[in-house]
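Close look at the chain arrangement
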Amino acid sequence: MAVALILAAGSGERLGADRPKALVQLAGRALMQWSIDALSELPEIEQIVLALPAGTSAPAGLIGVAGGAVRSESVRLALRAAPASELVLVHDAARPLLEAQLAREVIAALEADAGAAGAIAAAPVTDTIKRGDRRGCVRETLDRSSLWAVQTPQVFRRAALERALAVSTEELAGATDDASLVERAGGRVILVQADPRNIKVTTPLDLRVAELLLAERRAASVGAHARGPA
């Protein structure tokens with residue numbers, strides 16, 4: 001069984017919001033509520049812990065903690081508040097298009113590989129990627145066939161994640177995802193192919209795109225129900 005940590009402590013500054021990002025409205029709900037609803041569908045998830053902006057309360061039935069100054073510090077604080085579990089799923093509330101099936105697939109991938117420390121959702125890179133220098137000049141063009149754009153959810157064996165987070169505040173501040181910390185600690189991490197539509201909401205444009213994708217998803221669901229069973 002697993003616990004889920006939802007990271008919802010972002011300020012929303014780049015979104016241009018007058019409130020924390022997790023509380024910004026998306027299609028009639030707070031941004032974080034979409035992830036809560038998706039993960040609540042999974043019987044594999046025993047408890048959901050939210051890392052929240054200071055002064056914000058968790059919805060009934062969930063555990064809430066004040067988030068840290070940086071992302072991985074929020075993970076560490078939320079993990080300390082989480083009940084005992086074999087696996088830990090970490091998800092950014094800023095990815096509101098999460099579907100329960102993706103979370104299920106990432107959990108299953110880790111459970112199927114006893115030697116792995118983690119499994120993460122990711123999408124193959126389709127753009128050409130170039131490495132530049134500080135002057136803005138191209139240094140090299142990378143082989144995109146081996147490149148992946150990392151998403152959440154990310155699922156880890158709890159002991160491996162705890163070891164990875166037991167580092168200095170400076171190291172936590174430099175980590176853009178938890179998998180990189182687990183990798184640095186020697187853990188092997190599995191890639192699970194995900195839909196590129198599992199986008200991260202950072203800017204007002206991202207919010208608009210998320211609204212359009214959710215409307216498309218709802219229309220497809222209504223259409224499927226209208227057609228009935230095959």
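Report follows, based on the coordinates. Predicted model, so just to flag it, every value in this text is computed and none were measured.

**So, the overall build of the protein chain**
The helix and strand inventory of the protein chain stands at seven helices and eleven strands. For 230 residues, the compact-globule formula gives about 17 Å, and the C-alpha radius of gyration of the protein chain, at 18 Å, lands near that figure. Projecting the C-alpha coordinates of the protein chain onto the three principal axes gives extents of approximately 50 × 45 × 45 Å. The buried share of the protein chain, taken over its 230 residues, is 43%.

**Focus: the pattern of salt bridges**
Following the criterion strictly, the structure yields 16 salt bridges and no others. We note a salt bridge from arginine 19 to aspartate 18, for which the minimum N-O separation is 3.1 Å. The partner of aspartate 133 in a salt bridge is arginine 139, with the nearest N and O atoms 3.9 Å apart. Each of the salt bridges in this network shares a partner with another, and the network as a whole consists of Arg71, Asp92 and Asp178.

**Observations regarding the packing of aromatic side chains**
Per the counting criterion, the structure on display carries zero aromatic pairs. The ring of tryptophan 34 has arginine 29 lying over it, and the distance from NZ or CZ to the ring centre is 4.1 Å.

**Some details on the environment of proline 196**
Inspection of the secondary structure puts proline 196 in the loop between β11 (189-193) and α7 (204-227). Residue proline 196 is classed as exposed on the basis of its relative accessible area, which comes to 60%. Proline 196 sits 162 residues away from tryptophan 34 along the chain, and the two C-alpha atoms are 17 Å apart. Residues in contact with proline 196, not counting those within four places in the same chain, are Ala123 and Gln151.

**Regarding the nonpolar core**
Within the largest apolar cluster, 32 residues are counted, with the highest numbers of intra-cluster contacts made by Leu39, Ile45 and Leu89. Those elements giving two or more residues to this core turn out to be β1 (2-7), α1 (31-40), β4 (45-52), β6 (87-92), α3 (100-111), β7 (118-124) and β11. Not counting residues within four places of it along the chain, the set of residues in contact with leucine 39 comprises Ala4, Ile6, Ile45, Ile48, Leu89, His91, Leu98 and Ala103. Grouped together as the second largest cluster of nonpolar side chains are 24 residues, Ala117, Phe156, Ala164 and Ala179 included.

**Let's talk about the sheet that holds strand β5 (residues 63-66)**
Pairing between sheet strands relies on hydrogen bonds along the backbone, with the strands arranged either parallel or antiparallel. Strand order across the open sheet formed by seven strands is β5-β4-β1-β6-β10-β7-β11, with mixed pairing between neighbours. In the strand order of this sheet, the two ends are held by β5 and β11, each with one partner. For this sheet the average axis-to-axis angle between neighbouring strands, irrespective of direction, equals 25°. Note: β1 against β4, six bridges, orientation parallel. Of the residues in β4, the one forming a bridge with valine 3 is glutamine 47. Where helix α2 (residues 71-81) meets the sheet, its contacts fall on β1, β4, β5, β6 and β10 (148-157), and the angle it forms with β1 comes to roughly 140°. Taken strand by strand, α3 contacts β4, β6, β7, β10 and β11, and its axis lies near 60° from that of β10.

**A short note on unusual backbone geometry**
Each neighbour pair has its own omega, and for threonine 152 with proline 153 the value is 20°, a cis peptide bond. For proline 153, the position within the fold is in strand β10. One non-glycine residue, alanine 27, adopts positive backbone phi at about 50°. Along the chain, alanine 27 falls in the loop between β2 (25-26) and β3 (29-30).

Rules of the game
Residues numbered from 1 in each chain as written. Predicted model: local features only at pLDDT ≥ 70, side-chain atom pairs only at ≥ 80, totals over all residues. Heavy atoms only, no water. Helix = DSSP H or I, 4+ residues; strand = E, 2+ residues; numbered from the N terminus. Rg over C-alpha atoms; globule rule 2.2 N^0.38 Å. Buried < 20%, exposed > 50% of the residue type's maximum accessible area, 1.4 Å probe, protein only. Salt bridge = Lys/Arg side-chain N within 4 Å of Asp/Glu carboxyl O. Phe/Tyr/Trp six-rings, centres within 6.5 Å; stacked < 30°, edge-to-face > 60°. Lys NZ or Arg CZ within 6 Å of the ring centre and 35° of its normal. Contact = heavy atoms within 4.5 Å. Core = buried A, V, L, I, M, F, W, Y, C linked by side-chain atoms within 4.5 Å. Pairing = 2+ DSSP bridges. Axes fitted to C-alpha atoms, helices over the stretch in contact; angles between N-to-C directions.

Nothing here speaks to function; it is geometry throughout.
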